Amino acid sequence: MCWSFLRLSGYQLVSPPLLEYAESLLINDSADMDLRTFKLVDQLSGRTLALRADITPQVARIDAHLLNRQGVTRLCYAGSVLHTQPSGLMRTREPLQIGAELYGHSGLESDLEIQKLMLQSLALLGIQGVHLDLGHVAVFRALIKGIEISDDLESVLFGALQSKDVPSLKNLVKDLPASTQQALLALPELYGGVEVLQRARQVLPNTPELTTALDELQRVATQLQPLAQNIGIDLAELRGYHYHSGMVFAAYHAGSHDAIALGGRYDDVGKSFGRARPATGFSMDLRQLHNLLIKNNKINGILAPFLSNEALDVAIAKLRSQGHVVGG
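Here the structure is a predicted model, which means the values were calculated and not measured.

**Student:** Can you tell me about the environment of Ser321, naming the residues and giving the values?
**Tutor:** The residue Ser321 is located in helix α12 (residues 310-321) in this model. Relative accessible area serves as the criterion here: at 62%, Ser321 is assigned to the exposed category. Polar side-chain contacts of Ser321 include one of 2.6 Å to the backbone oxygen of Lys318.

**Student:** Requested: an account of the sheet that holds strand β2 (residues 19-21), with residues and values cited.
**Tutor:** Taking strand neighbours across the sheet as the criterion, the three strands line up as β2-β4-β3 in an open arrangement whose pairing is antiparallel. Each edge of the sheet is formed by a strand with only one pairing partner; in this case those strands are β2 and β3 (38-41). The mean angle between the axes of side-by-side strands here comes to 35°, regardless of whether they run parallel or antiparallel. With three bridges connecting them, β2 and strand β4 (residues 48-51) associate as antiparallel partners. Paired with Glu20 across the bridge in β4 is Ala50.

**Student:** Could you give an account of helix α10 (residues 208-224), with specific residues and numbers?
**Tutor:** Side chains that are three or four residues apart share a direction in an α-helix, a result of its 3.6 residues per turn. For α10, with 17 residues, the first-to-last C-alpha span of 24 Å sits near the 24 Å given by 1.5 Å per residue. If you check which residues of α10 are buried, you get Leu210, Ala213, Leu214, Leu217, Val220, Ala221 and Leu224. Projected down its long axis, α10 shows its buried positions confined to an angular sector of 130°, all on one face. Those residues of α10 that are exposed and angled more than 90 degrees off the buried face are Pro208 and Thr222.

Quick notes on the rules
- As a convention, each chain's residues are numbered from 1 in the sequence order in which they are written.
- Selection of residues for local features in this predicted model requires a pLDDT of at least 70, selection of side-chain atom pairs for listing and counting requires 80 or more, and totals for whole chains, interfaces and linings are taken over all residues.
- Side-chain descriptors were evaluated using all non-hydrogen atoms of the structure, hydrogens and water having been removed beforehand.
- Here a helix means four or more residues in a row that DSSP labels H or I, a strand means two or more in a row labelled E, and each is numbered from the N terminus.
- Each residue gets one of three labels from its accessible area relative to the maximum for its type: buried under 20%, exposed over 50%, partly exposed in between, using a 1.4 Å probe on protein chains only.
- Any pair of nitrogen or oxygen atoms within 3.5 Å is treated as a polar contact; in protein, a donor-acceptor pairing is required on top of that, and neighbouring residues in sequence qualify only through side-chain atoms on both sides.
- Pairs of strands are assigned from DSSP output, requiring at least two bridges between the strands.
- To get an axis, a line is fitted to the C-alpha atoms, and for a helix only the part in contact is used. The angle between two axes follows their N-to-C directions and goes from 0 to 180 degrees.
- Between the first and last residue of a helix there are one fewer steps than residues, each counted as 1.5 Å, and that sum is the expected span.
- Think of it as the arc spanned by the lines of direction from the helix axis to the C-beta atoms.

Rendered as structure tokens:
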């Protein structure tokens, strides 16, 4: 059902290979992705092969080279990925990843389309009571813009904010300008409902980049409210900071320890493949979602007699076309 919904929403199926040359599977020299990727040596060429840890780099390359279209391109996919370490407490190292990506549009409309698509897909699967978390990596980037800090310090700051480690954060920002210190120390506290955005406007600098990011979060939260049980804002959420470029989001459910769907904007994702394009998308693990369905939904079937009867065959086909489980 979810797969049909993506197709009917105008997303074209792509099916990249599980095994490729390692350089084809990494984006922007991502250290995180490199650590998550299994590698081996090709016995024919001597080059390094890798088992994909994420399908997004492959889809970005398809958009950049194989399709090479102008304007908006909508793509979807489903397939296994392999991780050297599980990404969460109860996660498998072999997720069955399904997702959708929209290339060629940088406006907020595409962010809204992708997030609506994700929430509607979860609803079609029968997963109710979804909590949606929104963040925006442009907030952190705006706060450190124009300040000379090393890449190492930026990375450690990112880690402290992501884990909301305030004592470490205080030590890390002590040599930064006072206004920047104050703003960065405020980020871990800017977490909660949509009212967080109003507090953020009061305590964070009034710069065009920050104002734009907060306005985008406000608009998205307002428009997606009917599709989620509740919506949270987390301005210290920097998941995929080196990967994403704008709004990031995650869907949560009471039946799962980890996020059940993730996504965000990653403009210029195709730069590594020679064609920078704005992009946004989401992915989810069908194995994880299946566990939720087992817990929340009892699957009922219809028992049909084993008879050679044309009228019976027609009735069975009709029931199955309506989504019923019919067996003999």
